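# Examination of the molecular architecture
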Amino acid sequence: MVQIPKQPAQQSPAQRPVPTSADVARLAGVSRATVSYVLNNTSAVRISEPTRRRVREAAEELGYVPHAAARSLRAGHSRMVLMPAPSVPVGPLYSQFFSELQGALGRLDYTVVQYGSLGLRGDEAARAWAELRPVAVLVPGTGLGTQGVAVLKRAGARAVVTLGPERVEGAHALLMDHDRVGHCAGVHLLSVGRRRIGVVMPEETGLEIFSKPRLDGVRRALHGTDATVAELPLAYEEEAAADLAARWRSLGLDAVFAYNDEYAMLLMRALQDEGVAVPDEAAVVGADDLMLGRLLRPRLSTVHIELPSGRDLAELVDRAVREPGAEPETHEVLGARVVHRASS
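Residues numbered from 1 in each chain as written. Predicted model: local features only at pLDDT ≥ 70, side-chain atom pairs only at ≥ 80, totals over all residues. Heavy atoms only, no water.

Moving on to the sheet that holds strand E6 (residues 196–202). Whenever strands of a sheet pair, they do so through backbone hydrogen bonds, lying parallel or antiparallel. Sheet architecture is open: 6 strands sit in the order E7-E6-E8-E9-E10-E12, paired in mixed fashion. Here the strands that pair on one side only, and so sit at the sheet edges, are strand E7 (228–234) and strand E12 (335–339). Across the sheet, the axes of successive neighbouring strands diverge by a mean angle of 20 degrees, strand direction being ignored. Two strands pair when backbone bridges link them, and strand E8 (residues 255–257) and strand E9 (residues 283–287) are joined in this way by 3 bridges, in the parallel orientation. (Pairing = 2+ DSSP bridges. Helix = DSSP H or I, 4+ residues; strand = E, 2+ residues; numbered from the N terminus. Axes fitted to C-alpha atoms, helices over the stretch in contact; angles between N-to-C directions.)

Below, the structure written as structure tokens:
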């Protein structure tokens, strides 16, 4: 047996004491109150710019960072906004929206924390979120119920905002009705003379909360006409798209609403590889209006989706935090319009 020789225990180097606001005040030659006003961006107290600059330079030199817990005690609540990670795959459009929202909340002096609640859903997830004592929670998708909203509010959350197809009692609601996305696509394909329309239904887990309303929207657009709708289950894989393209002519379809631009690009490439002419034999429409769709040949027709601005949502959160007793607001925030290009 080989023995590993014991290494002599090494003493840890002496750590420098954690700098405090008193240290910053001494170095800058100001009071601790002034340090607090400057570093917390308090606008109610007038402080000259040279003094503000001196305080910031002293804090940077000392490596001082304000204590979040202490700030929470002074304010009576935290400045943490919790954003649970979406339980469904989100594309570039929604990723950009969430990034813009985080930036807007940061400019309002909130700290945004993304929480990965893998395996937790609904009210069970709400209890996990409540342990962090956020001042606000933004919940994408579905699953949160009235009990979960109550748990969050008892834990100190002043604002609970849901982003999904339905409102939840006690929470502010940003309603995103994806039915209108499919309706726009269906109306457009009818207008260009298509009557046998396929609708891609992604096989990725979780996307049904978007895909089913979009399918319903297409059906609503075609209701009362001689046009037909066929569901097309499709995995986001080249092999699956190639298989669908190989069967295209036997399906008797003349158009496809491909759920979004990414699925549309996947299927359009496969159709072209199979020799199916786009748009002559198959008109193709996506959704999201991604830049890549404009670079394809033929350029991709799409449904442009209008999401709320991150600034507007951040202001709603801030308003709800400052007025926790106000009646919850409900806003329909998802707009849709067709961008007609060469693929249809």
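In the structure shown here, the tally under the stated rule is 15 salt bridges. Of the charged contacts, one joins Arg 319 and Glu 329 as a salt bridge, the two residues approaching to 3.1 Å between their closest N and O atoms. You can see Arg 319 sitting in helix H14 (residues 310–322) and its partner Glu 329 sitting in the loop between H14 and strand E11 (330–332), a full 10 residues away along the chain. Judged by relative accessible area, which is 21%, Glu 329 ranks as partly exposed. (Salt bridge = Lys/Arg side-chain N within 4 Å of Asp/Glu carboxyl O. Buried < 20%, exposed > 50% of the residue type's maximum accessible area, 1.4 Å probe, protein only.)

Attention shifts here to the nonpolar core. Judged by nonpolar contacts, the single largest core of 48 residues is most densely connected at Val 81, Leu 105, Leu 138, Phe 257, Leu 307, Leu 313 and Val 317. Element by element, the count of residues in this core is highest for helix H5 (residues 92–107), at 7 residues. Residues Leu 232, Tyr 259, Met 265 and Ala 282 belong to the second largest nonpolar core, which totals 26 residues. (Core = buried A, V, L, I, M, F, W, Y, C linked by side-chain atoms within 4.5 Å.)

It is worth spelling out helix H12 (residues 261–273) at this point. With 13 residues, H12 should reach 18 Å at 1.5 Å per residue; the first-to-last C-alpha distance of 18 Å fits that figure. Restricting attention to buried positions, one finds in H12 the residues Asp 261, Tyr 263, Ala 264, Met 265, Leu 266, Leu 267, Met 268, Ala 270 and Leu 271. Between a side-chain oxygen at the N-terminus of H12 and the backbone nitrogen of Glu 262 the separation is 3.1 Å; the capping residue is Asn 260. Looking one or two residues beyond H12, the residue adopting positive phi is Gly 275, at roughly 85 degrees. (Expected span 1.5 Å × (residues − 1). Polar contact = N/O pair within 3.5 Å; in protein donor to acceptor, adjacent residues only side chain to side chain.)

With that out of the way, let us pick up the side chain of Ser 344. Take Ser 344: it is sitting in the segment after E12. The exposure class of Ser 344 is buried, given its relative accessible area of 11%. Residue contacts for Ser 344: discarding those within four places in its chain leaves His 188, Val 192, Pro 279, Ala 283, Val 284, Val 285 and Ser 301. (Contact = heavy atoms within 4.5 Å.)

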